[in-house]
Amino acid sequence: MAIQWFPGHMNKAKKAIADRIKSIDMVIEMLDARLPASSENPLLAQLSRGKPKLKILNKQDLADPERTALWLNEFNSREHTQALALDASEANATTKITRACRQMMPQRGGLDKPLRVLICGIPNVGKSTLINGMIGKKSAKTGNEPGITKAEQRLFLADDFWLYDTPGMLWPKIIVEQGGYNLAASGAVGRNALDEEEVALVLLDYLRRHYLPLLQERYQPDRDPSSHWDDVAWLEWVAQKRGALLGGGRVNYQKAAEAVLGDFRGGHIGRITLETPNQWAGWLKTARQK
Ligand code: GDP
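Residues numbered from 1 in each chain as written. Predicted model: local features only at pLDDT ≥ 70, side-chain atom pairs only at ≥ 80, totals over all residues. Heavy atoms only, no water.

**Considering the overall build of the chain**
Across its full length, the chain carries 11 helices and seven strands. Within the chain, the proportion of its 290 residues that are buried is 50%. Surface summary for the chain: the accessible area is close to 14,100 Å², and the carbon and sulfur share equals 49%. (Helix = DSSP H or I, 4+ residues; strand = E, 2+ residues; numbered from the N terminus. Buried < 20%, exposed > 50% of the residue type's maximum accessible area, 1.4 Å probe, protein only. Areas by Shrake-Rupley, 256 points an atom, 1.4 Å probe, with all protein chains shown as cover.)

**So, helix α9 (residues 231–242)**
Over its 12 residues, α9 runs 16 Å from end to end, which matches the ideal 16 Å to within 8%, given 1.5 Å per residue. Among all positions in α9, only D231, W234, L235, W237, V238 and A239 are buried. Buried positions along α9 lie against α7 (196–210), α8 (212–219) and α10 (253–265). Of the residues that open α9, the one with a side-chain oxygen 3.2 Å from the backbone nitrogen of V232 is D230. (Expected span 1.5 Å × (residues − 1). Contact = heavy atoms within 4.5 Å. Polar contact = N/O pair within 3.5 Å; in protein donor to acceptor, adjacent residues only side chain to side chain.)

**What to know about the nonpolar core**
I28, L54, I56, I97, C101 and L130 are the most contacted members of the largest nonpolar core, which totals 63 residues. A total of seven residues in this core trace back to one element, the largest contributor, which is α7. With residues up to four places along the chain from it excluded, the contact list for L130 reads M30, I56, L86, A88, A93, I97 and I119. Judged by nonpolar contacts, the second largest core, of 13 residues, contains A63, A83, A85 and A287. (Core = buried A, V, L, I, M, F, W, Y, C linked by side-chain atoms within 4.5 Å.)

**Some details on the packing of helix α6 (residues 177–186) against α10**
At a closest axis distance of 9 Å, the pairing of α6 and α10 adopts a crossing angle of 80°. On the basis of their axis angle, the class for α6 and α10 is roughly perpendicular. Residues A184, A185 and S186 of α6 form the contact with α10, whose participating residues are L261, F264 and R265. Of the residues contributing to the contact of α6 with α10, the split by class is four nonpolar, one polar and one charged. (Axes fitted to C-alpha atoms, helices over the stretch in contact; angles between N-to-C directions. Parallel < 35°, antiparallel > 145°, perpendicular 65-115°, else oblique. Nonpolar A, V, L, I, M, F, W, Y, C, P; charged D, E, K, R; others polar.)

**Section: unusual backbone geometry**
Look at K59: it is not a glycine, yet its phi comes out positive at around 65°. Mapped onto the fold, K59 is located in the loop between β2 (53–58) and α3 (65–76). The residue N124 is not glycine, and still its phi comes out positive at about 75°. Counting through the fold element by element, N124 comes out in the loop between β4 (115–121) and α5 (127–138). Overall, N124 belongs to the partly exposed group, its relative accessible area being 46%.

**Comments concerning the site of the ligand**
Around the ligand lies a shell of 14 residues, among which D61, A88, N124, S128 and T129 are the nearest. Contact distances for the ligand include 3.1 Å between an oxygen atom and a side-chain N or O atom of K59. A distance of 2.9 Å separates an oxygen atom of the ligand from a polar backbone atom of G126. In the complex, 66% of the free accessible area of the ligand, which totals 580 Å², lies under the protein chains. Per-element tally for the shell around the ligand: the top contributor is α5, with three residues. Looking at the shell around the ligand residue by residue, the class counts come to five nonpolar, five polar and four charged. (Near = heavy atom within 4 Å.)

**A word on the pairing of strand β7 (residues 161–165)**
For β7, a buried count of five out of five residues is recorded, marking the element as mostly surrounded by other parts of the structure. Judged by which residues are buried, β7 turns out to be covered on both faces: F161, L163 and D165 on one side and W162 and Y164 on the other are all buried. The pairing of β4 with β7 spans five bridges and is parallel. Bridged to R116 within β7 is W162. Where strand β6 (residues 154–158) meets β7, four bridges bridge the pair, whose relative direction is antiparallel. For A158, the partnering residue across the bridge sits in β7 and is F161. Between the antiparallel neighbours β6 and β7 lie two residues. (Pairing = 2+ DSSP bridges.)

**Quick word on the environment of G110**
Relative to the assigned elements, G110 resides in the loop between α4 (93–104) and β4. G110 sits 25 residues away from I135 along the chain, and the two C-alpha atoms are 20 Å apart.

**Examining the state of the cysteines**
By the definition in use, this model includes zero disulfides. Between C101, a cysteine without a disulfide, and C120, which holds the nearest cysteine sulfur, the sulfur-to-sulfur distance is 12 Å. Among the residues examined, C101 registers a relative accessible area of 0% and is labelled buried. (Disulfide = S-S within 2.5 Å.)

Function-wise, these values are silent; they only describe arrangement.
Written out as structure tokens, the structure reads:
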């Protein structure tokens, strides 16, 4: 799928992160719990090599709990990596995160050795929600440092716990095609940069294979053989249900696609995760063979 990226912005962000990483102790990478691998950034892994990483699987309230457990295992088995699942707006998010960071870096702490943490994440992953929650709670001071991009802020979560927000977006190069679709389905990609109909069809195809009961529950098909429907049949049924029709009863595919994507993003179809560690490994293998 053609997603339009903006290499100029990306290079700027890459440079800013590369500069910042030299003076930080560890990295928090926020991931979308519904697509933990697709929302991960291989470039960040490269830039932050050797630094401990805390992976936050955010939006866990929208994700499939069984699959979240699989992903937590997967990340926790990696070197220098810990993972936790969160809902960015939950009351004790800040405590969970600061505690995990301090455990990972016990050698840092105290005024002479503050723990310096960089937080990264793709757009829409919930970084602002999380940071706003942290600031609100601790009424943290924010400040721009001279010489750093204006957008980068340092938040003092405690006198000896400094959190740096990354400026700009660091987009992964899409290697796994399904990963591009999953990012698009999650809402991480701007509307103008993708074909919503195509994204909705790929999403419906995945859901009918892996979450058929949820799909049936949400859209209440009037015929039982809905278990045999393909992605197009599902989209056409959603169009019927939602009145996404043009003159003469023709299907308005665009409107139906928007309905499906809106339902998925809002969690109205149910708690869904679009990839498992095994599936991801398989897709990656296929992509590399191409
Ligand atoms: P940012 O682009 O990473 O700063 O993302 P935002 O903080 O602006 O969040 C994007 C959208 O996701 C907003 O509508 C948030 O309300 C929503 N959001 C963020 N975190 C969560 C979460 O843990 N669960 C749910 N359900 N929604 C979330």
